[in-house]
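Architecture and fold: a report
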Amino acid sequence: MFSKQQTFGEKVTYVLLLIALILITLACLAPIWHMVAISLSDNSAVSAGQVTFIPVGFTLTPYEFILQDQRFFQAFGVSVQRVLLGGAINFIMTILAAYPLSKETSEFPARNKIMWIFIFTMMFNGGLIPWYMTIKMTGVMDSIWALVLPGAVPVFNVVLLMNFFRAIPKEVGEAAKIDGAGIFTTMWKVYIPMSMASIATVTLFSIVHHWNAFFDGMILINTPSGQPLQTYIRSLVVLPALADMSSGSLEDLMKLSEKTFNAAKIVVTMIPILLVYPFLQRYFVTGITLGSVKE
Amino acid sequence: MRTSRNVWGYYLMLTPPILLVLIYEIFPLFGLIIAFQDFVPGKGMFGSTFVGLDNFIYMFQLKESSQIFYNTIFIAVSKIVLNLIVPLIFALMLNEVLQNTLKRWIQTIVYLPHFMSWVILAGVLTNLLASDGIFNNIITALGFESIFFLGSNTWFPIVIIGSDVWKEFGFNAVIFLAALTAINPSLYEAAKIDGASKFHQLRYVTLPGIAPTIVLLACLGVGKIMNAGFEQIFNLYNPAVYASGDIIDTYVYRIGLTQHQYGLATAVGTLKSVVGFILVVLSWKLADKWANYRIF
């Protein structure tokens, strides 16, 4: 662990540094772990404030309740559907936009003009009210399409992928062309396989975005059964807690009895992110640094 | 005529994304007309009366306007500054760790909150900060009076800024860590031979080495001054803390979609869009000038 040249003082400093870092790391995990502990504890122990990081009176009852909760499963299903459909649309649109835009103007003269339209939408938008009215006008309100079409082209992801395509030597594309490949074949058989790391990064970004979104589900979907999971969790857990706060009443017995149940719902909502996280983590460091720090 | 066939192929590829961008990004820009109208949903955008700048004048006369602009800028600027400094310090600390396995574990865990939604984290935070939550249990155990974190105008902005830094510092450190690994190790060797202490190495090798990254992130921060974080505040605030927590985005939502004052809400939104646009263009220009960075 230590080299011989290090003085005693340096070793002490290093150990203190490690301790500080481990404490910082635990601070990132602790709040989430606290929720897990609550969800696995007995109601009365939670109400008495006995639960911090270790479940008191271990029980799986809240999770058994979730298994019977139809509303929860409906919302979960909508979110899964949204991730699959929205993720697929984002995936296709990102590639279709990024590939032509990665070409030089000598090869695709309109490139810069189209690029500016895309970039402009990243910098300037109509704001909430016109956005809402547009979606209403296109007639997709109250359907899954309202959740996946308005953000169908994630411009930031397009820029990331475009920069990646541009880093691939032009000769690779030219070789495919000489072999008789058309532009779709070149894109599909040459460029996409070479960019899997980058494509995985942007796809995972879009999946996380779709899983975590709540606002569009809240204002664009009126039927409760069509709402995605985060919107449902908000209406169930966050809103009542805040309403309680503003009314100034400190404790509401009925709400307390639901504390473990709500904690369990929050934990279940976190699980899909925790599952894709290991894959995500492998890619995003490369993805981000490629897109943002350039020579 | 190989080239011309290629061009049409590119247009064919771009047709679906361009159509979607036109419908959902460009078309709403025409909706900005509402900001200059006494908009009545029944009459629509083309039937409503044109009132010129009335909505804007009314907006500046509202007494909450200055408070909302102040809240937005105060919260956003605090976040931008702290989200630069805290990740930088964290990255410098982590960079000193010699054990690679430990380093990877720490990184894996600190990135985690970034990927959680604000709905989930609001659920976690309301739990932690409740009158019977962990924080207040500690505070009362130490003999102090419990704090009404999410209901107090003194504490609310602190909670907002603090929880955002907590959520994002690990993720924001990624770019610094990448920049740190890019520093040539022989510079440290040379510094050591010259008898430089750890502090001197930091001062004369590390900081100059990552200075371009710091400058770049600072420049890009300028573009975010109008964005204080809608999702976070929307999920954590309540009428008791409107005075300290209401930002432009939450205000537009409240008066527009819940109180149906479309003209006024669009006027506020338009002002935000225009100022935001100028700031983003400025930030990209600064990034290009000072950090030699271009987005594409």
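Residues numbered from 1 in each chain as written. Chains lettered and ligands numbered in written order. Predicted model: local features only at pLDDT ≥ 70, side-chain atom pairs only at ≥ 80, totals over all residues. Heavy atoms only, no water.

1. Considering the overall build of chain B
Helices and strands together make up the secondary structure of chain B, namely 14 helices and two strands. For chain B, the C-alpha radius of gyration of 24 Å lies well beyond 19 Å, the compact-globule estimate for 296 residues. When the backbone C-alpha atoms are referred to their principal axes, chain B occupies close to 80 × 80 × 30 Å. The proportion of buried residues among the 296 residues of chain B is 53%. Within chain B, contacts between residues separated by at least 24 positions form 65% of all contacts whose residues are at least 6 apart in sequence. Summed over all atoms, the accessible surface of chain B reaches about 13900 Å², with 68% contributed by carbon and sulfur. (Helix = DSSP H or I, 4+ residues; strand = E, 2+ residues; numbered from the N terminus. Rg over C-alpha atoms; globule rule 2.2 N^0.38 Å. Buried < 20%, exposed > 50% of the residue type's maximum accessible area, 1.4 Å probe, protein only. Contact = heavy atoms within 4.5 Å. Areas by Shrake-Rupley, 256 points an atom, 1.4 Å probe, with all protein chains shown as cover.)

2. Considerations on the UniProt feature "transmembrane region" (unreviewed entry) in chain A
All names here are of chain A. The sites that carry the UniProt feature "transmembrane region" (unreviewed entry) are, in the present numbering, residues 12–33, 83–102, 114–132, 144–169, 190–211 and 262–280. The annotated region residues 83–102 carries 95% helix and 0% strand content, and the separation between its end C-alpha atoms amounts to 27 Å. Secondary structure over residues 144–169 splits into 65% helix and 0% strand, and the C-alpha atoms at its two ends are 40 Å apart. (UniProt positions renumbered as here; feature names shortened; annotations may be inferred.)

3. Thoughts on the confidence of the model for chain A
Residue and element names in this part refer to chain A. Confidence in the prediction of chain A, expressed as mean pLDDT, is 86, and 88% of residues score 70 or more. Helix 14 (residues 253–257) is the least confidently modelled element of chain A, averaging 49 in pLDDT, while helix 7 (residues 145–148) averages 96, the highest of any element. Between residues 291–295, whose pLDDT stays under 50, and residues either more than four places distant or in other chains, the model counts 12 contacts. (pLDDT = per-residue confidence, 0-100.)

4. Focus on the pattern of salt bridges
Taken as a whole and judged by the stated rule, the model has seven salt bridges over all chains. Where A:Lys265 meets A:Asp69, a salt bridge forms, and the shortest distance between an N and an O atom there is 2.8 Å. With A:Lys265 in helix 15 (residues 259–292) and A:Asp69 in the loop between helix 3 (61–68) and helix 4 (70–101), this pair connects stretches of sequence that are 196 residues apart. Judged by relative accessible area, which is 2%, A:Lys265 ranks as buried. Between B:Glu168 and B:Lys167 there is a salt bridge, and its shortest N-O distance comes to 3.4 Å. Here the two residues B:Glu168 and B:Lys167 agree in accessibility, since each one is buried. (Salt bridge = Lys/Arg side-chain N within 4 Å of Asp/Glu carboxyl O.)

5. Remarks on the UniProt feature "domain: ABC transmembrane type-1" (unreviewed entry) in chain B
Mapped onto the present numbering, the UniProt feature "domain: ABC transmembrane type-1" (unreviewed entry) falls on residues 69–283 of chain B. With 76% helix and 0% strand, residues 69–283 of chain B has its two end C-alpha atoms placed 20 Å apart.

6. Considering the interface of chain A and chain B
The interface of chain A with chain B comprises 106 residues on the first partner and 89 residues on the second. Salt-bridge contacts for A:Lys259 lead to B:Asp132; the nearest nitrogen and oxygen are separated by 3.3 Å. Linking chain A with chain B are 13 residue pairs in polar contact (both at pLDDT 80 or more). (Polar contact = N/O pair within 3.5 Å; in protein donor to acceptor, adjacent residues only side chain to side chain.)

7. Comments concerning the UniProt feature "transmembrane region" (unreviewed entry) in chain B
All names here are of chain B. Feature annotation in UniProt assigns "transmembrane region" (unreviewed entry) to the following positions: residues 12–36, 72–93, 105–130, 142–163, 169–190, 202–226 and 262–284. Between the C-alpha atoms that bound residues 72–93 there is a distance of 31 Å. The span itself is 100% helix and 0% strand. Secondary structure across residues 105–130 divides into 73% helix and 0% strand, with the first and last C-alpha atoms of the span separated by 31 Å.

8. Focus on helix 3 (residues 54–61) of chain B
Side chains three or four residues apart in an α-helix point the same way, a direct result of the helix having 3.6 residues per turn. Residue and element names in this part refer to chain B. All of the buried residues in helix 3 are Asn55, Phe56 and Met59. Taken around the axis of helix 3, the buried residues stretch over an arc of 100 degrees, which confines them to a single face. Buried positions along helix 3 lie against strand 1 (37–38), helix 4 (63–95) and helix 14 (262–291). (Arc of directions from axis to C-beta.)

9. What about a nonpolar patch on the surface?
Residues and elements named next belong to chain A. A contiguous nonpolar surface patch, about 750 Å² in accessible area, is contributed by Phe8, Val12, Val15, Leu16, Ile19, Ile22, Leu23 and Leu26. Looking at where phenylalanine 8 falls in the secondary structure, it is placed in helix 1 (residues 8–39). For phenylalanine 8, a relative accessible area of 67% corresponds to the exposed category. (Patch = residues over 30% accessible without salt bridge, like charges linked within 9 Å, V, L, I, M, F, W, Y side chains within 5 Å.)

10. Quick look at unusual backbone geometry
One non-glycine residue with positive phi stands out, namely A:Asp142, at about 65 degrees. Summarising the element assignment, A:Asp142 is placed in the loop between helix 6 (128–137) and helix 7. We classify A:Asp142 as partly exposed; its relative accessible area is 31%. Of note, the phi angle at B:His260 is positive, near 60 degrees, even though the residue is not glycine. Along the polypeptide, B:His260 turns up in the loop between helix 13 (248–258) and helix 14.

11. Points about the confidence of the model for chain B
Residues with a pLDDT of 70 or more make up 98% of chain B, whose mean pLDDT is 91. This complex was scored by the predictor with a pTM of 0.90 and an ipTM of 0.90.

12. Some words on the side chain of B:Thr266
Along the polypeptide, B:Thr266 turns up in helix 14. Side-chain polar atoms of B:Thr266 contact the backbone oxygen of B:Tyr262, separated by 2.7 Å. Those residues in contact with B:Thr266, other than ones at most four positions away along the chain, are A:Ile129, A:Pro130, B:Gly31, B:Leu32, B:Ile34 and B:Ala35.

13. Focus: the environment of A:Gln50
By the element assignment, A:Gln50 lies in the loop between helix 2 (43–47) and helix 3. Setting aside anything within four residues of it in sequence, one finds A:Gln50 in contact with A:Ala45 and A:Val56.

14. So, the environment of B:Leu236
Here B:Leu236 shows up in helix 11 (residues 230–236). A C-alpha to C-alpha distance of 34 Å links B:Leu236 and B:Asn95, two positions 141 residues apart in sequence.

15. Concerning the packing of helix 5 (residues 111–123) of chain A against helix 14 of chain B
Remark: helix 5 of chain A packs on helix 14 of chain B, axes separated minimally by 9 Å, with the N-to-C direction vectors making an angle of 120 degrees. Residue-level contacts link A:Ile119, A:Phe120, A:Met122 and A:Met123 of helix 5 of chain A to B:Phe277, B:Val280, B:Val281 and B:Trp284 of helix 14 of chain B. Classifying every residue of the contact of helix 5 of chain A with helix 14 of chain B gives eight nonpolar, no polar and no charged. (Axes fitted to C-alpha atoms, helices over the stretch in contact; angles between N-to-C directions. Nonpolar A, V, L, I, M, F, W, Y, C, P; charged D, E, K, R; others polar.)

16. Comments concerning helix 5 of chain A
Between its first and last C-alpha atoms helix 5 of chain A spans 19 Å; for 13 residues at 1.5 Å apiece the expected length is 18 Å, and the two agree. Three or more residues of helix 5 of chain A are buried, namely A:Arg111, A:Ile114, A:Met115, A:Phe118, A:Ile119, A:Thr121 and A:Met123. (Expected span 1.5 Å × (residues − 1).)

17. Here we look at the environment of B:Gln61
The topology assignment puts B:Gln61 in helix 3. Along the primary structure B:Gln61 and B:Ala291 are separated by 230 residues, whereas in three dimensions their C-alpha atoms are 41 Å apart.

18. A short note on the packing of aromatic side chains
One pass over the full model with this rule turns up 32 aromatic pairs over all chains. The rings of A:Tyr99, A:Phe108, A:Phe165, A:Tyr191, B:Trp8, B:Tyr10 and B:Tyr11 are connected pair by pair, giving a single aromatic cluster. A cation sits over an aromatic face here: B:Arg203 above B:Tyr204, 4.9 Å from the ring centre. In this structure, B:Arg254 is placed above the aromatic ring of B:Tyr242, and the distance from its NZ or CZ to the ring centre is 3.8 Å. (Phe/Tyr/Trp six-rings, centres within 6.5 Å; stacked < 30°, edge-to-face > 60°. Lys NZ or Arg CZ within 6 Å of the ring centre and 35° of its normal.)

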